[in-house]
Each structure stands twice: as structure tokens, then as C-alpha cells.
Amino acid sequence: MAVQSWIDILKSSKKTALIHDGKRKIHYLFTDGREMAEEYDLKTDELIVRKWRHKSTLGAHGEWQVEVGEPLAGTVTSLDSEMIKENCSNPVFMRKDTKTSFQWRIRNLPYPKDVFSVSVEPSERCIIIKTSNKKYYKKFSIVDLDRSQLPLDSSALTFTHANNTLIVNYKKPKEILTLEQELLKELKKLKGTGEGDVDCKTQ
């Protein structure tokens with residue numbers, strides 16, 4: 001879908017706003033039953049969290065899938081109630097945008113910067129991260145560009161490495177910046193309720 005049709009879908013969705021803990025929390029319900037939840041910092045207007053939930057074919061709610069922000073804790077409870085946790089030294093991939101860039105952080109990568117190669121693969125519409133020591137490989141798309149049918153541009157991509165964390169930045173194209181400003185204006189018009197008076201009914 002093009003930029004305009006995506007902003008139209010966002011505008012036509014049923015939105016509920018909640019102001020809590022220094023954040024503007026928005027819940028979107030789309031006509032196809034999908035849900036999206038976003039959290040913005042009230043002071044900076046920066047997007048902190050965006051997650052999606054789809055209904056199953058039987059109409060049951062699926063799990064929330066995080067697009068932006070800290071991944072949901074992946075813990076499994078066994079029969080004897082002991083917690084089995086992911087190895088905390090495994091690489092942790094998350095997206096944390098800034099006002100002007102899409103940004104991804106991969107923690108627990110203790111290699112020098114010159115080991116990393118980060119590139120755009122236009123034919124597959126994705127970014128590929130790999131290491132010359134073959135210890136890490138990741139391929140991911142920029143869903144915001146896919147939703148708005150915008151091309152990927154190699155010159156928009158940069159990366160840095162510090163404190164065992166690889167930080168990949170992709171400069172937002174002007175179409176995305178315009179869309180985000182337009183959406184933020186809409187969201188600020190919503191009457192945000194305080195914690196406790198929110199009507200959670202989205203049926």
C-alpha cells in the first residue's frame with residue numbers, strides 16, 4: 001500500500017488513547033480485526049513501543065508481536081514452576097527508533113566493528129547484517145517502508161558498535177517523516193483518558 005493509503009487506514013481505525021506514566025498510549029483496532037498498540041513519550045513525542053496482535057482463523061486473540069521496543073520477555077513455566085529463561089548472553093535484537101531514523105540495536109555482540117558488514121539488499125527489500133567470523137547473521141525488513149511501498153536506499157544506512165552493541169541506523173525518508181508528523185497531529189487530538197477511566201471494550 002502506498003503512503004497515503006496507509007495513513008488513511010490509520011485514520012479510519014478505531015483509536016483509544018490513554019495518558020499514563022509520562023506516555024501517550026494508543027490502541028488501534030482495524031476493520032480486519034488486527035490490533036496495534038503504540039506508546040509515545042509525552043515530552044519528546046518519540047515512539048517507544050509498537051506491537052501488533054492478529055486474530056486467529058477461529059477469532060481468538062493471538063500473542064502480541066513487538067515491532068518497536070524491548071522484546072517481550074521469553075520465559076516458559078515448566079510443570080514444577082521453575083522459570084526457564086533465554087540465555088542472557090545470546091544476541092538480543094530490538095528496534096528503537098529516533099525522530100529521524102529507524103534504529104536497531106543488537107546487544108551481546110562482543111566483536112570489533114570491522115568484523116561487521118551491514119548492507120541493503122534492494123531485491124529482497126531487506127537489510128543484512130553479517131560478521132566475517134561467521135558468528136552472527138541477521139536479515140530483516142523495514143516494515144514501515146514496506147507498508148508505504150517506499151524503496152530502500154543504501155546511502156540512508158549507517159552503523160556503529162560500542163559496549164558490545166551493534167547500532168544500525170536507517171535515515172527516515174521525507175515521506176515517512178511527513179506521515180509520522182501527520183499521524184502525531186491526529187493522535188494529539190484524541191481525548192486521552194487517565195489510568196482507571198479507560199473503556200477497554202474494543203469488541
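Small disclaimer: the values here were computed from a predicted structure and weren't measured.

(A) The arrangement of the confidence of the model for the protein in detail. For the protein, the mean per-residue pLDDT works out to 86, and 86% of the residues sit at or above 70. Counting interchain partners and residues more than four positions distant, the pLDDT-below-50 stretch residues 75–82 has nine contacts. Low pLDDT, under 50, characterises residues 196–203; the predicted model gives this stretch eight contacts beyond four residues in sequence or across chains.

(B) Summary view of helix H1 (residues 3–12). For H1, the complete set of buried residues consists of Trp 6, Ile 7 and Leu 10. Around the axis of H1, the buried residues are gathered within 95° of arc, so they sit on the same side. Close packing links the buried residues of H1 with strand E1 (14–20), strand E2 (23–29), strand E3 (35–41), strand E4 (47–53), helix H2 (143–147) and helix H3 (174–189).

(C) Structural context of the pairing of strand E9 (residues 101–107). Counted residue by residue, E9 has five buried out of seven residues, so it is predominantly covered. Examined bridge by bridge, strand E8 (residues 92–95) and E9 share four bridges and lie antiparallel to one another. Residue pairing across strands places Arg 95 opposite Trp 104, the latter belonging to E9. Judged from the six bridges that link them, E9 and strand E14 (residues 165–171) form a sheet pairing that is antiparallel. Across the sheet, the residue bridging to Ser 101 is Lys 171, located in E14.

(D) Representation of H3 in the model. Across its 16 residues, H3 extends 23 Å between first and last C-alpha, which sits within 8% of the 22 Å expected from 1.5 Å per residue. Listed in full, the buried residues belonging to H3 are Ile 176, Leu 179, Leu 183, Leu 184 and Leu 187. Each buried residue of H3 lies within a common arc of 135° when the element is viewed along its axis, so the set occupies one face. Along H3, the residues that are exposed and aim more than 90 degrees away from the buried face are Lys 174, Gln 181, Lys 185 and Lys 189. Considering only its buried residues, H3 is in contact with H1, E1, E2, E3, E9 and H2.

(E) Layout of unusual backbone geometry. The phi dihedral of Lys 134 falls on the positive side, at around 60°, and the residue is not glycine. Looking at the element boundaries, Lys 134 is found in the loop between strand E11 (126–131) and strand E12 (137–140). Under the relative-accessibility criterion, Lys 134 is labelled exposed at 76%.

(F) Summary view of the pattern of salt bridges. Inspection of the entire model under this criterion finds 19 salt bridges. In this structure, Lys 139 engages Glu 124 in a salt bridge whose closest nitrogen and oxygen atoms are separated by 2.6 Å. Of this pair, Lys 139 sits in strand E12 while Glu 124 sits in the loop between strand E10 (116–121) and E11, and the two are 15 residues apart along the sequence. Look at Lys 139 and you get partly exposed, because its relative accessible area is 44%. A cluster of three or more residues bridged by salt bridges with shared partners is formed by Glu 38, Arg 50, Glu 67, Arg 95, Asp 97, Asp 144 and Arg 147.

(G) Representation of the sheet that holds strand E13 (residues 157–162) within the structure. With antiparallel pairing, the four strands of this open sheet are ordered in space as E8-E9-E14-E13. In this open sheet, the two strands that pair with only one neighbour each are E8 and E13. Along the sheet, successive strands turn relative to each other by an average axial angle of 15°, direction set aside. Two strands pair when backbone bridges link them, and E13 and E14 are joined in this way by six bridges, in the antiparallel orientation. Looking at the pairing, Thr 158 lines up with Asn 169 of E14.

(H) Expanded view of the packing of aromatic side chains. Enumeration according to the criterion identifies nine aromatic pairs in this entry. On the numbers, 6.1 Å between centres and 5° between planes, the contact of Tyr 28 with Phe 30 is stacked. Relative accessible area serves as the criterion here: at 5%, Phe 30 is assigned to the buried category. Each ring, one from Phe 102 and one from Trp 104, has its centre 6.5 Å from the other, and the planes form 45°; the classification is tilted. Take Phe 102: its relative accessible area is 0%, and that puts it in the buried class. Overall, Trp 104 belongs to the buried group, its relative accessible area being 2%. Through successive ring pairs, a cluster of aromatic residues spans Phe 93, Phe 102, Trp 104, Phe 140 and Tyr 170. The ring of Phe 159 has Lys 113 lying over it, and the distance from NZ or CZ to the ring centre is 5.2 Å.

Scoring rules and cut-offs
- Residues numbered from 1 in each chain as written.
- Predicted model: local features only at pLDDT ≥ 70, side-chain atom pairs only at ≥ 80, totals over all residues.
- Heavy atoms only, no water.
- pLDDT = per-residue confidence, 0-100.
- Contact = heavy atoms within 4.5 Å.
- Buried < 20%, exposed > 50% of the residue type's maximum accessible area, 1.4 Å probe, protein only.
- Helix = DSSP H or I, 4+ residues; strand = E, 2+ residues; numbered from the N terminus.
- Arc of directions from axis to C-beta.
- Pairing = 2+ DSSP bridges.
- Expected span 1.5 Å × (residues − 1).
- Salt bridge = Lys/Arg side-chain N within 4 Å of Asp/Glu carboxyl O.
- Axes fitted to C-alpha atoms, helices over the stretch in contact; angles between N-to-C directions.
- Phe/Tyr/Trp six-rings, centres within 6.5 Å; stacked < 30°, edge-to-face > 60°.
- Lys NZ or Arg CZ within 6 Å of the ring centre and 35° of its normal.

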